Amino acid sequence: MKNRWGKSLLLPLIAVFAAMSLLAGCGGGTPAATTPEKKGSETTAPEASTAKYEFGKEPLEIELYGHYDWFSMPAWGGDPATKWIQDNMKVTIKPILSGGKANQKLNTLIAGGTLPDVIWMQRDGEVERLRQNGLLVPFDDYLDKYPNLKEWAGEDTLNMLRSPDGKLYQFPNWYTKEPNGNGGYMLNIKMYKELGEPKIETLDDFYNYLKLVKAKYPNVIPFEPGLEGQGFDTLYSAFKESNPPTHISMRAVPNGDKLTSLFLDPTYRESMQFINKLYREGLVAKSALTQTEDQVKEKVMNGQVAVYSSADTTKFGSMGHAALTKKDPNDGYFMIWPFAKAGIPKDKINPGHYNSLGWNVSVITTSAENPEAVFAFWDYMTGPEGFRVLFWGPEGLYWEGVDADGVPKLKDEYFTKEKERQDLMDKLVNFQWVGNTGYIDPAKSKFELQLPPEKRTWETRWQSEITWKTQYNATEFQNLDPSKESDEGIARQAVEDIYLEARSQALYAKSEEDVLKVLDKAHADAEAVGYNTVLEYKTKMWQENKQKLGK
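Quick caveat, the model's predicted, so the values are computed rather than measured.

Enquirer: Lay out the overall build of the chain in plain terms, naming residues and giving numbers.
Expert: Secondary structure summary: the chain contains 22 helices and 17 strands in total. For the chain, the C-alpha radius of gyration of 24 Å lies close to 24 Å, the compact-globule estimate for 551 residues. Dimensions of the chain along its principal axes, counting C-alpha atoms only, are 70 × 65 × 45 Å. Taken across its 551 residues, the chain has 57% of its residues classed as buried. Partitioning the intrachain contacts of the chain with sequence separation of at least 6 by distance along the chain shows that 78% fall at a separation of at least 24. In the structure as shown, the chain presents an accessible area of about 23,000 Å², 50% of it carried by carbon and sulfur atoms. Side chains of the chain give 65 positive and 77 negative charges; the mean places of these two sets differ by 3 Å.

Enquirer: Outline the sheet that holds strand β4 (residues 91-96), supporting the account with residue identities and numerical values.
Expert: Sheet architecture is open: five strands sit in the order β4-β3-β5-β14-β6, paired in mixed fashion. On the outer flanks of this sheet lie β4 and β6 (171-172), each paired with one strand and no other. Alignment of strand β5 (residues 118-121) against strand β14 (residues 361-364), held across four bridges, turns out to be antiparallel. Bridged to methionine 121 within β14 is valine 361. Here helix α14 (residues 371-382) sits on the sheet in contact with β3 (60-66), β4, β5, β6 and β14, set at roughly 75° to β3.

Enquirer: Describe the environment of lysine 548, with residues and values.
Expert: Structurally, lysine 548 is set in helix α22 (residues 531-548). What makes lysine 548 exposed here is its relative accessible area of 51%. Sequence-wise, lysine 548 and tyrosine 499 are 49 residues apart; in three dimensions their C-alpha atoms are separated by 30 Å.

Enquirer: Please set out the nonpolar core residue by residue, giving values where relevant.
Expert: Residues Phe206, Tyr209, Leu235, Leu278 and Phe339 are the most contacted members of the largest nonpolar core, which totals 76 residues. Non-local contacts of tyrosine 209, meaning those with residues more than four positions away in its chain, are made with Leu187, Met191, Tyr192, Leu195, Pro198, Ile200 and Val307. Ranked by size, the runner-up nonpolar core spans 58 residues in total, among them Leu149, Tyr398, Tyr414 and Ala443.

Enquirer: Describe the layout of surface pockets, listing the residues and the values that go with them.
Expert: Quantified by volume, the second largest pocket comes out at close to 620 Å³. Lining of the second largest pocket is provided by 28 residues; of these, His321, Ala322, Thr325, Glu418 and Trp458 occupy positions nearest its centre. Breaking the lining of the second largest pocket down by element, the ones donating at least two residues are α13 (313-327), β12 (333-336), α16 (413-416), α17 (418-428) and α19 (458-470). In the lining of the second largest pocket, the residues fall into 12 nonpolar, five polar and 11 charged.

Enquirer: Could you give me a rundown of the packing of helix α15 (residues 384-392) against α17, with the residues and numbers involved?
Expert: Relative orientation of the contacting elements α15 and α17 amounts to 120°, with a least axis distance of 7 Å. What the angle tells us is that α15 and α17 run oblique. Mapping the contact onto sequence places Val389, Leu390, Phe391 and Trp392 in α15 and Leu424, Met425 and Leu428 in α17. Per-class residue counts for the contact of α15 with α17 are seven nonpolar, no polar and no charged.

Enquirer: Which residues make up the sheet that holds strand β7 (residues 184-188), and what are the values?
Expert: A sheet is described by the order of its strands in space; here four strands give the open sequence β8-β11-β7-β12, paired in mixed fashion. Only two strands of the sheet have a single partner each, and these edge strands are β8 (221-224) and β12. Taken pair by pair, the neighbouring strands of this sheet meet at an average axis angle of 20°, ignoring direction. The pairing of β8 with strand β11 (residues 305-310) spans three bridges and is classified as parallel. Counted as the bridge partner of isoleucine 221 is valine 305 from β11. Where helix α8 (residues 203-216) meets the sheet, its contacts fall on β7, β8 and β11, and the angle it forms with β8 comes to roughly 140°. Sitting on the sheet, α19 touches β7 and β12, and the angle it makes with β12 is about 15°.

Enquirer: An account of the pattern of salt bridges is requested, with residue identities and associated values reported.
Expert: The full count for this structure, using the stated rule, is 28 salt bridges. For aspartate 233, the salt bridge identified is with arginine 503, shortest N-O distance 3.5 Å. Separated by 270 residues along the polypeptide, aspartate 233 in helix α9 (residues 230-236) and arginine 503 in helix α20 (residues 487-508) bring together distant segments of the chain. Summarising the burial analysis for this pair, aspartate 233 and arginine 503 share the class buried. Overlapping salt bridges, with partners in common, bring together Asp124, Glu126 and Lys484 in one network.

What counts, and at which threshold
- Residues numbered from 1 in each chain as written.
- Predicted model: local features only at pLDDT ≥ 70, side-chain atom pairs only at ≥ 80, totals over all residues.
- Heavy atoms only, no water.
- Helix = DSSP H or I, 4+ residues; strand = E, 2+ residues; numbered from the N terminus.
- Rg over C-alpha atoms; globule rule 2.2 N^0.38 Å.
- Buried < 20%, exposed > 50% of the residue type's maximum accessible area, 1.4 Å probe, protein only.
- Contact = heavy atoms within 4.5 Å.
- Areas by Shrake-Rupley, 256 points an atom, 1.4 Å probe, with all protein chains shown as cover.
- Lys, Arg positive; Asp, Glu negative; His and termini not counted.
- Charge placed at Lys NZ, Arg CZ, Asp CG, Glu CD.
- Pairing = 2+ DSSP bridges.
- Axes fitted to C-alpha atoms, helices over the stretch in contact; angles between N-to-C directions.
- Core = buried A, V, L, I, M, F, W, Y, C linked by side-chain atoms within 4.5 Å.
- 1 Å grid on protein atoms, 1.4 Å probe; cavity = no way out; pocket = protein on both sides within 12 Å on 5 of 7 lines; lining within 4 Å.
- Points joined across faces, edges and corners; volume = space filled by probe spheres on them.
- Nonpolar A, V, L, I, M, F, W, Y, C, P; charged D, E, K, R; others polar.
- Parallel < 35°, antiparallel > 145°, perpendicular 65-115°, else oblique.
- Salt bridge = Lys/Arg side-chain N within 4 Å of Asp/Glu carboxyl O.

So, in structure tokens, the structure goes:
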């Protein structure tokens, strides 16, 4: 997903933001007592009272806009967990959907003065633009009053999230102090056994396996790279040690103390030639760069893929395994240790990455009538009490009571009603906007690792055995993107457009030599629109991050 405003929208948006900064205190029905004060480019929170917000005394409806083309949300109250919250806490989340056009939708919300209470979005320069125009509420006055975020994220993580004015406006999702992540490779069990269970330890092994699949199963996709070809980025990690997909997402590669061109990176060029070869030989999904998430899910659920990889392999892996084993106990999926180019140590391969800041963030806008209540609920959801409900369902359904570490004591129904429990957990993923990895990962491991492997939930087994051990800590590379209206931000968007086009052209190229020509042209085009200024900016931010982290 791009989540970027095009250059042609820049001037109108600047005007819109300027107008909205004036309207923030008087529009949208916001009571004066709770309207943040705007001083220049800074926003101050309303004066906090000593009394904590009490859930259940009155209904609280929170509008949430997911700033993604793909964002959708099941009905709040349509499952046991959110129904329990609705009935007992009187909290309802009302989604605002993008309709597949996230940038246009956000522009419309801003221009119409109808910002929602919360925007769930990427942690990038767009947040800072909203902040600079007085459209966001800082959290600092709430952190001690509602202490879950501060306790579980820690000062280092929160400091990394602070804006230039020193205040905190971003509530992180899936933040952590421990390694985590789900990037990697999973294989169809039945096909693998029928093909003789060949070793897959090197890139050559992987390539040969895909050819075996194509020969024996002509109607199966040998390699499914997931939404937007995420699995192609996973493959990049196999060509060099300590070479995570992070570099691709940054559109820049570390070289000494500088970030340099991705297009000229020898490892990236080699990986794109390999991917092009797979495509030309019909070993990957033809619609790899254009398919929807639902289309990917359907193929995995129906067992139409032999090898699957994405940034979050366990998400569909868990669902697909449950669906296939229900039909045939000998079917399903399993994960393998990440393979690599011959000669690279197996413990130096990182098919995925994580960072202490997590994935994305929630911001509370100045349109919220009661921002403290919104923060209080977000803090409840991220704490152990709330996250237990939003991960395993309400108490009494699959668990009863907790141990000294706050870990649920599971009931027999957790295991005997596996399908019902898994269906619920799959739905609840869509409500986990403030995931607390530091709580949930040890909690899952504590009670499930005591069970034999065949009794563990699919994702926990493979997370503990493979994915958490192979992910790269990319915290130092976070928050590198410039603000969109800056010269560097405009150039960054132009480079992004060039990258996306070049990636597509390289995949469809007629030969490996043509792949290199595509990447050479992409580098030249990127330089022409200011790639060097982008790399210089990102290098500066990277070095500042390293200082914050004591590196």
